[in-house]
Amino acid sequence: MVRRRALAISLAALGAAAGACSEPQPIRIGLVTGLTGRHYDLGLSSRNGVELAVNDLNAAGGVKGRKLEVVIRDDGQDAEQARRAVTELVGAGVVAIIGHATSSMAEATLPMVNRERILMVSPTVSSAFFEGKDDWFVMMQPSTTESARVFSAWLLARRLARKVSVVYDLSNLSYTKAWFDAFRATFEGEGRTVRPLPFSSGQVPSMRELAAAALAGGADGVLLVANALDTAALAQQVRLLSPSVPIFGAEWGFTNDVVANGGRAVEGAVFMQKVNLADETPRYLAFRRAYEARYSRGIDFAAVMAYETVKLLAAALERDATREGVRAAILGLGTFEGLQGPVRINAFGDAERRHYVMTIRGGR
């Protein structure tokens, strides 16, 4: 009996010693984004940016010695699939979720996030619907209201157009309608004219007819508030009908796909942005080189903001790595140093950052 007890104690001690030498449990975070469907490009760039940031953090020792582990789900740009994905992530024990890529998907799952009291941080969602709310949702982009007003004021200051047709996609209505409303309020407030042309992505019988409608009535500018694929297709049809009319675009459409699919039709098109893709500061250049080398794909705003989202979340996890505490930790950070300078997260989880106006020249 004594010998058996001694053996049991020895085995227990051995197990404790082995446990002490093993790596600590990783911190699991979720990623839910659109990896399939017509809006896939934002999801792909978001996933890549998250992956690169997690690899960088883990290589540097993780968060207080604990590595980050990402559990990925595809929302398919479908509300029901998005809700299932969030349910699965909560069940997988993640401490926080990065997502979604589009405002419509975030709107579909926000009640779940609030009910489960789990933090969700989006790299790209910016609908005014989420602004100024005491909830469990954080946006890395300023709201559409601010973006549209800034862009409208920029156009007005340069007298680039007096009658603008705004073509916006109903499949992401939470984002596009808010963009249109804010743009219209500022633009028409200065005596200009704005004409709405809503459509649904993937359900347009003829892009040529939609482009013709946008140019009707003497429009001297066309603003496209749509994904990159639809922005490129519409730009091509607009250019065929009117080679010289100015084409403008919102943040959503300014990814690599707009250049790859738009070709010469998008040359000179002007877009609102929160990322300066031509930046040459060392930190940004290092990220860009690493991203392009790893994925053989040019960067876009979604990749940059997804990378920053992981770094922001990691900074909060350094303070509190629990599901219950990470929200307060992230809201308590105040100003966060992004790839291109400071980003302020206010008490409601809304980002405040610089705006940029970007154009396409020489296929870049």
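Residues numbered from 1 in each chain as written. Predicted model: local features only at pLDDT ≥ 70, side-chain atom pairs only at ≥ 80, totals over all residues. Heavy atoms only, no water.

## A look at the overall build of the protein
Tallying secondary structure elements over the protein gives 12 helices and 14 strands in all. Relative to its length of 364 residues, the protein is compact, with a C-alpha radius of gyration of 23 Å against a globular reference of 21 Å. Counting every position in the protein, which comprises 364 residues, the buried fraction comes to 54%. Sequence separation of at least 24 residues holds for 71% of the intrachain contacts in the protein that already meet a minimum separation of 6. Carbon and sulfur atoms make up 52% of the accessible area of the protein, which totals about 15500 Å². (Helix = DSSP H or I, 4+ residues; strand = E, 2+ residues; numbered from the N terminus. Rg over C-alpha atoms; globule rule 2.2 N^0.38 Å. Buried < 20%, exposed > 50% of the residue type's maximum accessible area, 1.4 Å probe, protein only. Contact = heavy atoms within 4.5 Å. Areas by Shrake-Rupley, 256 points an atom, 1.4 Å probe, with all protein chains shown as cover.)

## Observations concerning the sheet that holds strand E10 (residues 270-273)
Overall, mixed pairing links the 6 strands, which are arranged E7-E6-E8-E9-E10-E14 in an open sheet. One side of each edge strand has no neighbouring strand; the edge strands of this open sheet are strand E7 (193-199) and strand E14 (356-359). Each adjacent strand pair in this sheet contributes to an overall mean axis angle of 25°, direction not counted. Lying over the sheet, helix H6 (residues 173-188) contacts strand E6 (163-169), E7, strand E8 (221-225) and E10, oriented at roughly 170° with respect to E6. (Pairing = 2+ DSSP bridges. Axes fitted to C-alpha atoms, helices over the stretch in contact; angles between N-to-C directions.)

## Topic: the packing of helix H2 (residues 40-59) against helix H11 (residues 301-319)
Put simply, H2 and H11 touch, their axes get as near as 7 Å, and they point 40° apart. Judged on the interaxial angle alone, H11 and H2 are oblique. When the axes of H2 and H11 are compared, the crossing they make is right-handed. Here H2 contributes Leu42, Ser45, Ser46, Gly49, Val50, Leu52, Ala53, Val54, Asp56 and Leu57 to the contact with H11, which in turn contributes Phe301, Ala302, Ala303, Ala306, Tyr307, Val310, Lys311 and Ala314. (Parallel < 35°, antiparallel > 145°, perpendicular 65-115°, else oblique. Left-handed = near helix turned anticlockwise from the far one by under 90°.)

## As for the packing of aromatic side chains
Evaluated as defined, the whole model comprises 13 aromatic pairs. Aromatic side chains Phe129 and Phe130 sit 5.0 Å apart centroid to centroid with 90° between the ring planes, which places their arrangement in the edge-to-face category. The exposure class assigned to Phe129 is partly exposed, which follows from its relative accessible area of 34%. On the numbers, 5.0 Å between centres and 50° between planes, the contact of Tyr291 with Tyr295 is tilted. Separated by 4 residues within a single helix, Tyr291 and Tyr295 lie in helix H10 (residues 282-295), roughly one turn from each other. Assigned by exposure class, Tyr291 and Tyr295 land together as buried. Taken together through their ring pairs, the aromatic side chains of Phe151, Trp154, Trp179, Phe183, Phe187 and Phe248 make up a single cluster. In this structure, Lys133 packs its charged tip against the face of Phe129, placed 3.7 Å from the ring centre. Cation over ring: Arg327 sits above Trp136, and NZ or CZ is 5.2 Å from the ring centre. (Phe/Tyr/Trp six-rings, centres within 6.5 Å; stacked < 30°, edge-to-face > 60°. Lys NZ or Arg CZ within 6 Å of the ring centre and 35° of its normal.)

## Points about the environment of Pro198
Within the element layout of this structure, Pro198 appears in strand E7. The class of Pro198 is partly exposed, set by a relative accessible area of 43%. Along the chain, Pro198 and Thr176 lie 22 residues apart, while their C-alpha atoms are 9.2 Å from each other. Once you skip the residues sitting within four places of it in the chain, Pro198 turns out to touch Tyr168 and Leu170.

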